[in-house]
Amino acid sequence: MSEKALRLGTRRSKLAMAQSGQVADAVSQVTGRPVELVEITTYGDVSREQLAQIGGTGVFVTALREALLKGEVDFAVHSLKDLPTGQPEELALAAIPVREDPRDVIVARDALKFTDLPRGARIGTGSPRRMAQLNAYARAHGLDIEAVPIRGNVDTRIRYVHDGELDAVVLAAAGLNRIGRIEEVTDFLSVDTVLPAPGQGALAIECAADHADLIAALGELDDPFTRVAVTAERSLLAALEAGCSAPVGALADLLADGHVVKEMRLRGIVGTTDGSRTVQLSTTGPVPETYDQAMALGRELAAEMLAQGAAGLMGERAQ
Ligand SMILES: NCc1[nH]cc(CCC(=O)O)c1CC(=O)O
C-alpha cells in the first residue's frame, strides 16, 4: 500500500484522543501506513445541556460522520455505545475490535464501595440506565442514595468527588482504562447489579462504504465474537425502539465449559429512572453463527420484554 497517511477523524476529548491514538497505532501496524489524527468538534462536546435533555441519539458522532461523508477524513473511531443503531448506507463499520471490560464502576470518596455508601449519599450520573439500576438495587437492599444528574467529560465527573460535591460517580471501566485512571476505581459493579449499555467497552471503526480496500485493511482489527455479542445487544436496543440515552442495559456473554464455549447468554433490562419498576430478562442458546442470527436473538428478547411492559418504562425518551 502507498505511504500516504490515513486521516483519522477524532473528537478532542481526552477519552476520544486516547482511543483514537490506540486505534491509530493498531491501524498503522496492519496497513503499514502512517495515521494522522484530525480533530473535529462535535455538538455533544460543546453543549452544556444535560445529555438526556439534548434528546435524539448520536450527538457525539454526527460531526465525525459528516467529515467521513465529505471525504475530509478516511476513518473514525467511536465508542460503540454512543453509536445510533441505524447504520447509514454510505458508511461501514469496518471493524469492531476486541471488547474491553464492559462493567460500570464507582469512583467514590474514601475508597467506598457502592453498598457501603452512607444514607443520603449523592451519586452522580447523567445516564437514565445507571440511575434506574442503581435505584432499583437501592430499593431492593435498603440503601438510601440520591442519584444526581451530571454531565461532562470523565475528568470533570471525577473532580466532583475530589471537590466533595458528590460522594461518588458512576463511569465505564473501559473509558477509565483508556485514559489511564483505572486505579481510581473504588468499586467494580457486577453486571448482575448494573447491566452495561449495549456495546459498552467496545469500539467501532467506521469508514465510507465504497472504500473496499480500506474496509478490508481495517477489517484486520475486527473481533468476530465481539461483533456477534454487540450485534445482539444493539438489535435488542433497536427492537425496543430506544435511543442511546434510554434506560436500557444489555450484555451478551459466552458461557464456557472449561475451555469449550457452549452458549451465548443475552441479558436485557429496562427500568424507570427511580428504579421502582424494571423488566429484566435473559435468554441463553447456541452461539449465533451469523450476524443475522445475533440480530434475531436481540429481537426475540426485546419482544419478550415488550410483552412484559418494557415500553411503558422507557418514558418520553423512548423514540
Ligand atoms: N457516554 C460517554 C462515554 N462513551 C463511552 C464511554 C466509555 C467507554 C466505553 O464504554 O466504551 C463513556 C464514558 C462513560 O460512560 O463513563
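Residues numbered from 1 in each chain as written. Predicted model: local features only at pLDDT ≥ 70, side-chain atom pairs only at ≥ 80, totals over all residues.

Student: Would you mind showing me how to read the site of the ligand here?
Tutor: In the vicinity of the ligand, the contacting residues are Ser79, Lys81, Asp82, Val154, Leu171, Ala172, Ala174, Gly175, Gln200 and Gly201. Secondary structure elements with two or more residues in the shell around the ligand: strand 8 (168–172) and helix 7 (173–178). Considering only residue class, the shell around the ligand consists of four nonpolar, four polar and two charged. (Near = placed C-beta within 6 Å. Helix = DSSP H or I, 4+ residues; strand = E, 2+ residues; numbered from the N terminus. Nonpolar A, V, L, I, M, F, W, Y, C, P; charged D, E, K, R; others polar.)

Student: Explain the pairing of strand 13 (residues 278–286) to me, please; I cannot follow it from the model alone.
Tutor: For a regular strand, the rule is simple: side chains alternate between the two faces of the sheet. Looking at chain direction, strand 12 (residues 260–271) and strand 13 are connected through nine bridges and run antiparallel. Bridge pairing in strand 13 places Leu266 opposite Thr283. Hairpin connection between strand 12 and strand 13: a loop of six residues separates the two successive antiparallel strands, and Gly275 in this loop has a positive phi of roughly 75 degrees. (Pairing = 2+ DSSP bridges.)

Student: Looking at this model, I keep getting lost on the environment of Lys70. Mind explaining?
Tutor: Following the sequence through the fold, Lys70 ends up in the loop between helix 4 (62–69) and strand 3 (75–79). Taking the number of C-beta atoms within 10 Å as the measure of exposure, Lys70 has 8 and is therefore exposed. Residues Lys70 and Ala208, 138 residues apart in the sequence, show an inter-C-alpha distance of 9.6 Å. (Buried ≥ 20, exposed ≤ 12 C-beta atoms within 10 Å, placed from the backbone.)

Student: Is there a simple way to explain the packing of helix 9 (residues 224–239) against helix 10 (residues 291–307) in this structure?
Tutor: Each pair of packed helices gets described by two things: the angle between the helix axes and the distance between those axes. Between helix 9 and helix 10, the shortest axis-to-axis distance is 7 Å and the interhelical angle comes to 40 degrees. As far as their axial angle goes, helix 10 and helix 9 are oblique. Along this stretch, helix 9 crosses helix 10, giving a crossing that reads as right-handed. Mapping the contact onto sequence places Arg227, Val228, Thr231, Ala232, Glu233, Arg234, Ser235, Leu236 and Ala239 in helix 9 and Tyr291, Ala294, Met295, Leu297, Gly298, Arg299, Leu301, Ala302 and Ala303 in helix 10. Residue composition of the contact of helix 9 with helix 10, grouped by class: 11 nonpolar, three polar and four charged. (Axes fitted to C-alpha atoms, helices over the stretch in contact; angles between N-to-C directions. Parallel < 35°, antiparallel > 145°, perpendicular 65-115°, else oblique. Left-handed = near helix turned anticlockwise from the far one by under 90°. Contact = placed C-beta atoms within 7 Å.)

Student: Teacher, can you tell me more about unusual backbone geometry here?
Tutor: With the exception of glycine, the majority of residues adopt a negative phi angle, and the majority of peptide bonds are in the trans configuration. Even without being glycine, Asp110 reaches a positive phi, approximately 55 degrees. Assignment of secondary structure puts Asp110 in the loop between strand 5 (104–108) and strand 6 (121–124). Asp110 gets classed as exposed once you count the C-beta atoms within 10 Å, which come to 10. Positioned with a positive phi, Ala111 is a non-glycine residue whose angle comes to about 55 degrees. Among the secondary structure elements, Ala111 is positioned in the loop between strand 5 and strand 6. Exposure remark for Ala111: the 11 C-beta atoms within 10 Å place this residue in the exposed category.

Student: I would appreciate a short explanation of the nonpolar core in the present structure.
Tutor: Where a protein is soluble and globular, its nonpolar side chains tend to be buried together. Counting 85 residues, the largest nonpolar core has Phe75, Ile123, Ala168, Ile205, Leu218 and Val270 as its most contacted members. The element that contributes the greatest number of residues to this core is helix 9, accounting for six residues. (Core = buried A, V, L, I, M, F, W, Y, C linked by C-beta atoms within 7 Å.)

Student: What exactly am I supposed to notice about the sheet that holds strand 9 (residues 187–188) here?
Tutor: Within a beta sheet, neighbouring strands are joined by backbone hydrogen bonds and run either parallel or antiparallel to one another. Spatial ordering of the open sheet is given by 7-6-8-5-9, a layout of five strands whose pairing is mixed. Among the strands making up the open sheet, the edge pair consists of strand 7 (145–148) and strand 9. Where strand 5 and strand 8 come together, five bridges link them in antiparallel fashion. Bridge pairing in strand 8 places Val107 opposite Val169. Where helix 5 (residues 128–141) meets the sheet, it contacts strand 5, strand 6, strand 7 and strand 8, and its direction lies at approximately 175 degrees from that of strand 7. Sheet strands touched by helix 6 (residues 154–162): strand 5, strand 6 and strand 8. Its angle to strand 8, the strand with the most contacts, is close to 155 degrees.

Student: Just checking my understanding: could you explain helix 5 for this structure?
Tutor: Side chains that are three or four residues apart share a direction in an α-helix, a result of its 3.6 residues per turn. Taking 1.5 Å per residue as the helical rise, helix 5 with its 14 residues ought to reach 20 Å, and the 20 Å between its terminal C-alpha atoms agrees with that figure. In terms of burial, helix 5 is a largely internal element, 10 of the 14 residues being buried. Those residues of helix 5 lying buried are Pro128, Arg129, Arg130, Met131, Ala132, Gln133, Leu134, Asn135, Ala136 and Ala138. Positive phi appears at Gly142, one or two residues downstream of helix 5, with a value of about 70 degrees. (Expected span 1.5 Å × (residues − 1).)

Student: What is the right way to read helix 4 from this model?
Tutor: Those residues of helix 4 lying buried are Leu64, Arg65 and Leu68. Buried residues of helix 4, seen end-on, are gathered within an arc of 95 degrees and therefore sit on one face of the element. Buried residues along helix 4 sit in contact with strand 1 (6–10), strand 3, strand 4 (91–95) and strand 10 (203–208). Just beyond helix 4, the residue with positive phi is Gly71, at close to 75 degrees. (Arc of directions from axis to C-beta.)

Student: How should the sheet that holds strand 13 be read in this particular structure?
Tutor: If you trace the three strands from one edge of the open sheet to the other, you get 11-12-13, paired in antiparallel fashion. Pairing within the sheet leaves two strands with one partner each, and these edge strands are strand 11 (248–257) and strand 13. In this sheet, adjacent strand axes meet at a mean angle of 15 degrees when their direction is disregarded. Relative to strand 12, strand 11 runs antiparallel, the two being bridged by 10 bridges.

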